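# Residue-level structure breakdown
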Amino acid sequence: MASAAATPIPAPAVEEWTLPSRGRVGVLALILTESAFFSIFVAAYVFYIGKSLSPPYPRDVLSPPIVNTVCLLSSSVSIVFAVRALRMGHTRVFGMWWLVTLALGLEFLAGTALEWHRLIYREHFTIATNLFGTTYYSLVGLHALHVTVGLVMILIVMVLTAGGHVTRRDAEHTELLSWYWHFVDAVWVVVFTTVYVIGR
Amino acid sequence: MLATQLIPRWPEKPLYLVKRCILLGAALVIGAAPTAASDWGVGAANSHLTHPQVFAPVSTPARDIETLAWFTIAVCAGIALIVGGLLAYSIVRFRARPDDDGREPPQVYGSNPIEFAWTVVPLLIVFVLILTTARTIYTVQAAPRPPTALSVRVIGHQWWWEIRYPDLDIVTANEMHVPVSDPAHPAPTFLELESADVAHSFWVPQLAGKTDLIPNRKNVMWIDPHTPGTYLGQCAEFCGTEHGLMLLRVIVQPRAQWEDWVASQRRPAARDGAAGHGREIFESTACVNCHTVRGTVADGRFGPDLTHIMSRDTLGAGAAMNTPDNLKTWIKDPNLIKPGVLMPAMNLNDAELADVAQYLETLR
Amino acid sequence: MEQEIALTAVDDQAALPLVGRLHQWVVTVDHKRLGLMYIGGGLFFFVIAGLQAVTMRLQLAFPDNHLVAPQVFNRLMTMHGTAMVFLVGMPILTGFFNYLVPLMIGARDLAFPRLNSFGFWLWLFGALLLYFSYIGGDGLYGAGSAPDVGWFAYAPLTERAFSRGNSTDYWILSILLTSVGSTATAINIVATTFSMRCKGMALGKMPVLVWLALVVAFLMLVALPPLSAAQAMLLLDRYLGAHFFDTQAGGSAILWQHFFWIFGHPEVYILVLPAFAFASEIIPVFSRKVIFGYHVMVAASCAIGFISLGVWAHHMFAVGMTPAGNAFFAASTMLVGVPTGIKIFNWLGTIWGGKLRFRVPMLFSLGFLFQFMVAGLSGIMLGVAPFDWQLTDTYFVVAHFHYVLIGGIVFMIFAAIYYWFPKATGRMLNERLGKWHFWLFLIGFHLTFDPLHFAGLHGMPRRIYTYQPGRGLEGLNLLASIGAVVQALAVLIFAVNVLYSLANGEEAGPDPWDAWTLEWSTTSPPPEYNFAIEPEVRSRRPLWDLKHPEDPDWQYE
Ligand code: HEA
Ligand code: HEA
Ligand code: CUA
Ligand SMILES: [Cu+2]
């Protein structure tokens, strides 16, 4: 500026400059928005508990999928071991734990598929049957959809690992994936509680 | 630096252009005028009634609301004047002058006491508003229901109002008759609001605020009109094609007159021999699937009850005045009066039309 | 001095043939280009939705008018509202954030450029899908073309039983797509502001605009999913026979309203906070003063964000909530007025003692200050629940929200375009045409929306395709319709101005307004990488520090 008289004041030095990695921030933001999405479905489920005009009611057809739940929750542990192994550079150990995670996730999905098969073909209970069907299939289905997406990504990493493409450098990426997986598990805890505990 | 020079003020020129633009706009708007069509006699009839204004209440809930409204408006206008005045003052006072020396004004980064002041003062104002609001909410909504209150069930349909008096065994449509409630002998009317299809909203501004009619739910509101008269209202929740012509009238009558009305509504449908032919046509056409005429085979509930259709001022939920011509037009093709209406054109020939209309005209 | 850090853009553009240049725009992941594409797309739909509004106004100019049929009117109304919110407001505002946030924090791009481009194309195809409904909405039953259920599409009007054909499905899908696009942008903005700031730009040194972008992004992350979830449920109802909002099977019509407004109310703040953001950059520069109360401004914005998540049911005062419910939502609604008032007062504090320059961006900003204040106060009247029982679903509400949406947001969008156009194109918009635009638009706006308040008080519900004579509505509506045409003329002048100035505008140089934030330190238009050397800042006004080395800002912050 023309008007600026001289005598500049020396600027202080900027200290060390570190910022969080954008991947982490991005995944956390994604998890935040997904949580909001799930809460609406949970809210709808809770709102309609006991409001169905016709049978079947949850008590008649649902039993808590304990094995499934245990598998899904343990997969959250195995994925932590996997990521930790990768961070230390033990690719083989990583591959093993990763495979365990994949298997546990698949078991969960298969369990849900069996439950649905039984409900649809034996109980003739569908999304159009009543309000319970509407909310049950959409909430559990939404969660299963997230499990599926997670499993696809886990599978891709598995294939890459098998091809020897995953190394220590990718630890952060696998960790981000594990955050998503933890989120899916945490949602399951909520879904399980609403559908099989409160809702029954 | 570029930005320092000021654009000089212009003489009247902008105003000149503005005038031209307004003229041009007016021309465009007037171009839409020729499409204005018949109002089926409604305009003339309306001009005898008071405008359905928020600020002309004749019933306690509307009056309570009006008091609160004026208070709120006063507070808001006060804020607008003060803040707007300060803004206007600072715009004039702190404009850059042509003889400006080009130096930057003193940079003020903020001030905690000032920030505190303009946080606390609005907080206090809001606090007062909340208290007054809550009080009116409770006086209107939680008013106890006296045992003598008249009950009316209002059921919203696409696009008309079914009005039932459960204790009096009356069914009518679109025009609700209630007795006047003089403050010495309060005779409020309690409305139970329901819907047969989608959401509607019951609104007669001079009597009360609106309450929605929602399927699968029962809402309640009350009115206690102090002055006889006809009050206009209309559906205030978008409910499909003809939401715009889902109008409503509340006719407030002195007690005795209202009782006469009740008595006449309780009578079964007239059976006038002269209209026998029209009645046969009516009863052998699909009309009976949708309309009820008490005491005949017509017991449909999809459309308004026609037992005493001639006792109503309007047709098609206020779309047209109930004149013989309009009635004929309506039966011929209701779409001419209310496009999109759910009653189909019945394709009667002219003779049948005249007979049916003649029959309906006996239903007083 | 600023030339030290400014660079000449490497202009490889002109060399390419037209198709090649178009191709470059299509495949671009550059935040600036995507930002401009968002803004351009938004303005395009503004013209379309605006013309739809003018058609509505012409229909309503006279009582019992038959210019358009009721169904046509209802489609115009729905498409106008939906388009203005999702295809005009959202993209223009995200467009500006896209363009400005990296420049203002001294970054070379957003955190995830490809995600950004993905979001843009989702938005664009969602937008096209909405208007495609005019062609494709007939569906199997031949019922209807464009959706006609209103922009908040209350259940059960949207269920198969009442809304046949596919028009409502287009509405659902289009909004789902555009919302996913917006979510992508939001994630990007959060990650960018947290992870991409240049050296020295602590959170407390970000320009106010960036702070507001962050708040908006968070609001989008938590408020858009309820809408998407509700839309997904509606889709399940319509296609798989689910019963979420099917009142005949015990479903609830109110639930939709809750879900919609849990989104809908924060949405209006998603739209207005960017306008606040522009005001917070433009008003200081044209007052020649630093923003008054930076920390309070930031805190107030966060407070608005929080409170706005808990006021949604003020759109539902008439559905028959309990007195306690009504009182709660009335209270939380009015509480929002406090932080909003704080913002208005701080802008006033910024103007106070300044040297105001009435260039076009400042004119629009001053219009915004007055109009937004009035609009907010009419919002307070609506928040007074019993008063709202009278006002809800009338033209008073229409007037309230156009006052905020036009008097507030559109005014600030115009201000922002006049302010940043030189940065994006290297040329100034014409000042003279700009003033015509401003005054005409101001007059047209007031002519349209001032009378509509009174129409509402006079018993005129909204969303009616016609009204009857003899109820005192004729004059008010005629005035409003004339005003709409005046607005259209003003927008036309604006369009002429943009086209004219693109070719013939005065050269802008890097810093035409003598401003203080980082985007003005690089060339106009900025090179693809924004900054040749990554900047390093010590205060909230790095260019002030450069221009006033004897009295730099970091001494005081
Ligand atoms: C950007 C958009 C925007 C913004 C910022 C606002 C801001 C506000 N709105 Fe508005 N609103 C809409 C857009 C917006 N609104 C839309 C689109 C609708 C209709 C949707 C539809 O139905 O289609 C709507 C509808 C709407 C309703 C429902 C009406 C109805 O349908 O019945 C209500 C009710 O409470 C309301 C209230 C408010 C309030 C209290 C604010 C407050 O935030 C305002 C705060 C500002 C001030 C108060 C002014 C400045 C403050 C001071 C000068 C300090 C002093 C003030 C006090 C002490 C009070 N709005
Ligand atoms: C950002 C939001 C926004 C904006 C900017 C506007 C702008 C306008 N709106 Fe809108 N409006 C809404 C959001 C908005 N609206 C919403 C959400 C609703 C509720 C819908 C519902 O109920 O579901 C609504 C409803 C609504 C109604 C009520 C309908 C009803 O209830 O029946 C009316 C009626 O007057 C109206 C009018 C206008 C007018 C006259 C403008 C004007 O300001 C428009 C100005 C713009 C133009 C006039 C365009 C100019 C174009 C040209 C000049 C062409 C130039 C040509 C070339 C360049 C080639 N709007
Ligand atoms: Cu019924 Cu609108
Ligand atoms: Cu709101």
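If you're wondering where the values come from, they're calculated on a predicted model, not measured in any experiment. (Residues numbered from 1 in each chain as written. Chains lettered and ligands numbered in written order. Predicted model: local features only at pLDDT ≥ 70, side-chain atom pairs only at ≥ 80, totals over all residues. Heavy atoms only, no water.)

## Thoughts on the overall build of chain B
Check the secondary structure of chain B and you find 9 helices and 12 strands. In terms of overall dimensions, chain B is more spread out than a globule: its C-alpha atoms have a radius of gyration of 29 Å, far above the 21 Å expected for 364 residues. Its C-alpha atoms give chain B principal-axis dimensions of roughly 100 × 55 × 35 Å. Expressed as a percentage of the 364 residues in chain B, the buried residues total 53%. Restricting the contact set of chain B to residue pairs at least 6 apart, pairs at least 24 apart contribute 64%. (Helix = DSSP H or I, 4+ residues; strand = E, 2+ residues; numbered from the N terminus. Rg over C-alpha atoms; globule rule 2.2 N^0.38 Å. Buried < 20%, exposed > 50% of the residue type's maximum accessible area, 1.4 Å probe, protein only. Contact = heavy atoms within 4.5 Å.)

## Looking at the sheet that holds strand β9 (residues 229-234) of chain B
Residue and element names in this part refer to chain B. Reading across the sheet, the 3 strands line up as β4-β10-β9 and stay open at both edges, with mixed pairing between neighbours. Two strands lie at the open edges of the sheet, namely β4 (175-179) and β9, each paired on one side alone. Each strand axis lies, on average, 25 degrees off the axis of its neighbour in the sheet, ignoring direction. The pairing of β9 with strand β10 (residues 247-253) spans 6 bridges and is classified as antiparallel. Within β10, the residue paired with G229 across the bridge is V252. Running at roughly 135 degrees to β4, helix α5 (residues 255-266) makes contact with β4 and β10 of the sheet. (Pairing = 2+ DSSP bridges. Axes fitted to C-alpha atoms, helices over the stretch in contact; angles between N-to-C directions.)

## Details of the interface of chain B and chain C
Every contact between the two is made by 114 residues of chain B and, on the other side, 120 residues of chain C. Of the roughly 10,300 Å² buried between chain B and chain C on both sides combined, carbon and sulfur atoms contribute 71%. There are 3 salt bridges connecting chain B and chain C. Residue B:D100 is joined to C:K355 by a salt bridge in which the shortest nitrogen-to-oxygen separation is 3.1 Å. Scanning the region where chain B abuts chain C turns up 33 residue pairs in polar contact (both at pLDDT 80 or more). The set of elements that each furnish at least two residues to the side of chain B that touches chain C consists of α1 (13-31), α2 (42-46), α3 (60-93), α4 (112-141), β7 (211-213) and β9 of chain B. A per-element tally of the side of chain B that touches chain C places α3(B) first, with 17 residues. (Buried area = accessible area lost by both parts, 1.4 Å probe. Salt bridge = Lys/Arg side-chain N within 4 Å of Asp/Glu carboxyl O. Polar contact = N/O pair within 3.5 Å; in protein donor to acceptor, adjacent residues only side chain to side chain.)

## A short note on the packing of helix α6 (residues 208-240) of chain C against helix α8 (residues 294-307) of chain C
Residue and element names in this part refer to chain C. Where α6 contacts α8, the axes come no closer than 10 Å and their chain directions differ by 15 degrees. The angle between α6 and α8 falls in the class roughly parallel. For the pair α6 and α8, the crossing hand works out as right-handed. Taken together, the residues of α8 that come into contact with α6 (itself represented by V208, W211, L212, V215 and L219) are Y294, V298, S301, C302 and G305. (Parallel < 35°, antiparallel > 145°, perpendicular 65-115°, else oblique. Left-handed = near helix turned anticlockwise from the far one by under 90°.)

## Some words on the site of ligand 2
Residues and elements named next belong to chain C. Close to ligand 2 lie 31 residues; H80, W151, H402, R463 and Q487 are nearest. In this structure, a nitrogen atom belonging to ligand 2 sits 2.7 Å away from a side-chain N or O atom of H402. R462 places a polar side-chain atom, nitrogen or oxygen, 3.1 Å from an oxygen atom of ligand 2. If you list the elements that add at least two residues to the shell around ligand 2, you get α2 (31-60), α3 (70-104), α12 (395-425) and α14 (474-504). In terms of residue count, α2 provides more of the shell around ligand 2 than any other element does, 7 residues in total. (Near = heavy atom within 4 Å.)

## Details of the coordination of the iron atom of ligand 2
Residues and elements named next belong to chain C. Bound to the iron atom of ligand 2 are the protein donor atoms H80 (NE2) and H402 (NE2), situated 1.9 to 2.0 Å from the metal. The coordination sphere of the iron atom of ligand 2 comprises 6 donor atoms, whose angles at the metal cover 86 to 179 degrees; the geometry is octahedral. Of the two residues, H80 is situated in helix α3 and H402 in helix α12; the sequence distance between them amounts to 322 residues. A single burial state applies to H80 and to H402, both of which are buried. (Donors = N, O, S within 2.8 Å, 3.2 Å for Na, K, Ca; no water. Tetrahedral: all angles 85-135°; square planar, octahedral: opposite > 155°, others 65-115°.)

## Details of the coordination of the iron atom of ligand 1
All names here are of chain C. There is one protein donor for the iron atom of ligand 1, and it is H400 (NE2), at 2.2 Å. Separating the iron atom of ligand 1 from the copper ion (ligand 4) is a distance of 4.5 Å. Along the chain, the position of H400 falls in helix α12.

## Focus on the site of ligand 1
The full set close to ligand 1 counts 33 residues, and C:W151, C:Y269, C:D388, C:T392 and C:H400 are the nearest of them. Residues close to ligand 1 are split across chains B and C. The side chain of C:W151 places a nitrogen or oxygen atom 2.7 Å from an oxygen atom of ligand 1. One of the side-chain N or O atoms of C:T392 is found 2.6 Å from an oxygen atom in ligand 1.

## Overview of the pairing of strand β5 (residues 189-195) of chain B
Consecutive side chains along a regular strand alternate between the two faces of the sheet. Residue and element names in this part refer to chain B. Burial analysis of β5 places 6 of its 7 residues in the buried class, which makes it a mostly covered element. Where strand β1 (residues 150-157) and β5 come together, 7 bridges link them in parallel fashion. In the sheet register, V154 faces β5, and the bridge partner there is L193.

## Section: the confidence of the model for chain B
Averaged over every residue, the pLDDT of chain B is 89; residues scoring 70 or more account for 92%. Long-range and interchain partners of residues 1-12 of chain B, a stretch whose pLDDT sits below 50, account for 24 contacts in this model, where long-range means more than four residues apart. (pLDDT = per-residue confidence, 0-100.)

## Side note on the pattern of salt bridges
All names here are of chain C. Under the definition given, this model contains 22 salt bridges over all chains. Here K547 makes a salt bridge to D511, at a shortest N to O gap of 2.7 Å. A residue pair is termed long-range when its members are at least 10 positions apart, and K547 in helix α15 (residues 542-547) and D511 in the loop between α14 and α15 qualify at 36 residues. This pair shows no difference in class: K547 is buried, exactly as D511 is. In this structure, the salt-bridge partner of R541 is D553, at a minimum N-O distance of 2.7 Å. With a gap of 12 residues between them, R541 in the loop between α14 and α15 and D553 in the segment after α15 connect regions that are remote in the sequence. The same class applies to R541 as to D553, namely buried.

## Considerations on the sheet that holds strand β8 (residues 219-223) of chain B
All names here are of chain B. Taken in spatial order, the 5 strands line up as β3-β2-β1-β5-β8 in an open sheet, and their pairing is mixed. Both edges of this open sheet fall to β3 (170-173) and β8, since each of them pairs with a single strand only. On average, adjacent strands in this sheet sit at an angle of 25 degrees to one another, irrespective of strand direction. One ladder, built from 4 bridges, connects strand β2 (residues 160-165) with β3; its direction is antiparallel. Bridge pairing in β3 places I163 opposite T172.

## A short note on the packing of aromatic side chains
Applying the stated criterion across every chain, the model contains 78 aromatic pairs over all chains. The interplanar angle of 40 degrees and the centroid separation of 6.3 Å between the aromatic rings of A:F125 and A:Y136 together place this pair among those described as tilted. With A:F125 in the loop between α4 (91-122) and α5 (131-162) and A:Y136 in helix α5, this residue pair connects regions lying 11 residues apart in the sequence. Both residues of the pair, A:F125 and A:Y136, belong to the buried class. Geometrically, the ring pair formed by C:Y403 and C:F445 is tilted, given 4.9 Å between the ring centres and 55 degrees between the ring planes. On the criterion of sequence distance, the pair formed by C:Y403 in helix α12 and C:F445 in helix α13 (residues 431-457) is long-range, its members being 42 residues apart. Neither residue differs from the other here; C:Y403 and C:F445 are each classed as buried. Aromatic ring contacts, followed pair by pair, group C:F46, C:F364, C:Y403, C:F411, C:F414, C:Y418, C:F438, C:W439, C:F441, C:F445, C:F449 and C:F494 into a single cluster. Its end group placed over the ring of B:W203, B:K210 keeps NZ or CZ at 3.8 Å from the ring centre. Looking at C:R541, its charged tip hangs above the ring of C:W516, at a distance of 4.4 Å from the centre. (Phe/Tyr/Trp six-rings, centres within 6.5 Å; stacked < 30°, edge-to-face > 60°. Lys NZ or Arg CZ within 6 Å of the ring centre and 35° of its normal.)

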